[in-house]
There are 2 protein chains.
Amino acid sequence: MNKVGFYLQDPKITEKMGKIKHKIAILSGKGGVGKSMLSLMLSLALAKNKHRGLVGLLDADITGPSIPKMLNLRDKKPTISGETIFPIESEYGIKVMSIDFFLKSDDTPVIWRGPLKSKAITQFLSQVEWGELDFLIIDLPPGTGDEALTVTQTLQGNIDGAIIVTIPSQVSKFVVKKAISFAKELNVPIIGIVENMSGVTCPKCGAFIETFPGKAGEEIAKELNINFLGKVPIDPKLSKSLDKGINLLAEDLETSITVKNLFEISAKVEELVEK
Amino acid sequence: MNKVGFYLQDPKITEKMGKIKHKIAILSGKGGVGKSMLSLMLSLALAKNKHRGLVGLLDADITGPSIPKMLNLRDKKPTISGETIFPIESEYGIKVMSIDFFLKSDDTPVIWRGPLKSKAITQFLSQVEWGELDFLIIDLPPGTGDEALTVTQTLQGNIDGAIIVTIPSQVSKFVVKKAISFAKELNVPIIGIVENMSGVTCPKCGAFIETFPGKAGEEIAKELNINFLGKVPIDPKLSKSLDKGINLLAEDLETSITVKNLFEISAKVEELVEK
């Protein structure tokens, strides 16, 4: 029995997860709000701060994995020894696991029904040898379906909490609030909410353009009494950098408001989970 | 046996679908690329053109339904008679069905594993009485999971095809190509690809900003030899209008390049499926 006392956890999961100080899921009811970008940037910021080599990033999006592409790690193959799978270590000081490492070609889709997806995630949680970590960031696919259910139920009582991501629009607010109810029903604490794609600055005249008008992030935080972790405006340079999979935190990106806000959010998250 | 000759289709589905001339799925490997917006705007454009009252829109996103919110129809309850469910008729001349009509409150999440989600979709396909329609647009959730599998397998050999949606970035291109392989493996014809969120025009200086730099739409069309249906730039006014759920095609939206392109895409789709 684990801490919760009722849920029987696979002893292999208990063992692997026991070596990880903080487990954080990135969750959203809505797709394309930037969960993968946020998961990756948080991991990189934590590694850059003082946790180099002690941050794991699990891409739990089984049908649309994008983390290895964003890190230019798609040609890597994880070492497997018996039942143990070793994560890929990125040059930025984070360890990564994704279904993408096991797919045959670029275009291979994962056509699996729910139970198979859940099995893949359970395998990742029980068989990946992360070693001692300070943080494991889990990038969940959108919605409140099988993958999200499996991760939260499997780690029940043993996860620090979830970070919720939304874009500023009311449609997003409406869908994302459902994700928060989902987390609450499954007893997953909410660490806070991040508002992503909060407008873009015109590179010519400096005007700020509200691409998807609204204040969903702040509104949800207020209405549901959860922490507002910050806003992340669109930065075309960051988008390009994720496309290339290189130099993510180098060059002029360090002068980007988007990257600056992401680092601040990472510091807040660190403070909140260490409390 | 249906046209394909191998797949046994529920006779109720065959009967309901037999009254619909064209069935089109909106598909993407990636979330948040604007599938729901595109599904809705295509339906509205078709109804406005010459199919008023003859367009159905099925919101097959079971865990994150947003169509009723975008049409301000959330307070409507479908009439049920025996095993038959009647869709909600919008003032814009389209008929709508969504799991959202059956949820208790705004925040209720649908926490279902795959088999339950598949069952809900099968029920929608077999029990909703659309009547005679020219078009049924099916808004699929992101990924290549249960909902997409169920719709494509259930309608196999009996669907005009899928419209693929991407945003311009390379990460999106990479994930969306998987969705196309998915459609091909399931023998779903590809009607064409739409590139959404293709930049935004600065309202102050008129400069064009590439928010998510790239040309994923045109590139995928060229590489995989499929029709390129068009680009849809971001229009904050459209986003606001979808948030309010009103006046979607009225007022200054008709002067919007975004809306103009959406109407052109709708005309192309009509032409392609009627060939």
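Up top is the structure these notes are about.
First, a word on what this report is: a plain description of the structure on this page. Keep in mind that what you see is a predicted model, and the values were worked out from it rather than measured. (Residues numbered from 1 in each chain as written. Chains lettered and ligands numbered in written order. Predicted model: local features only at pLDDT ≥ 70, side-chain atom pairs only at ≥ 80, totals over all residues. Heavy atoms only, no water.)

Moving on to the pairing of strand β1 (residues 20-27) of chain B. Side-chain positions along a regular strand alternate between the two faces of the sheet. All names here are of chain B. Along β1, seven of the eight residues are buried, which leaves the element largely enclosed by surrounding structure. In terms of strand pairing, β1 meets strand β7 (residues 133-139) through six bridges, oriented parallel. Residue pairing for β7: A25 is matched across the bridge by I138. Looking at chain direction, β1 and strand β8 (residues 161-166) are connected through four bridges and run parallel. (Buried < 20%, exposed > 50% of the residue type's maximum accessible area, 1.4 Å probe, protein only. Helix = DSSP H or I, 4+ residues; strand = E, 2+ residues; numbered from the N terminus. Pairing = 2+ DSSP bridges.)

The next thing to look at is the pattern of salt bridges. Residue and element names in this part refer to chain B. For the coordinates displayed, the defined rule picks out 28 salt bridges over all chains. The salt bridge partner of K16 is E15, with a shortest N-O separation of 3.6 Å. A salt bridge links E270 to K50; the nearest nitrogen and oxygen atoms lie 3.9 Å apart. Linking E270 in helix α9 (residues 257-274) with K50 in helix α2 (residues 35-51), this pair joins segments that are 220 residues apart in sequence. For E270, a relative accessible area of 4% corresponds to the buried category. (Salt bridge = Lys/Arg side-chain N within 4 Å of Asp/Glu carboxyl O.)

With that settled, the discussion passes to the interface of chain A and chain B. Taken together, the contact pairs 60 residues of chain A with 60 residues of chain B. Between chain A and chain B the total buried area reaches about 4,800 Å² when both faces are included, carbon and sulfur atoms providing 65% of it. A salt bridge links K178 of chain B to D100 of chain A, with the nearest nitrogen and oxygen atoms 3.7 Å apart. Taken together, the links from chain A to chain B amount to four residue pairs in polar contact (both at pLDDT 80 or more). (Contact = heavy atoms within 4.5 Å. Buried area = accessible area lost by both parts, 1.4 Å probe. Polar contact = N/O pair within 3.5 Å; in protein donor to acceptor, adjacent residues only side chain to side chain.)

The next thing to look at is the environment of Q123 of chain B. All names here are of chain B. Relative to the helices and strands, Q123 is located in helix α4 (residues 114-127). Judged by relative accessible area, Q123 falls into the partly exposed class, the value being 35%. Between the alpha carbons of Q123 and I13 there is a distance of 8.9 Å; along the sequence they are 110 residues apart.

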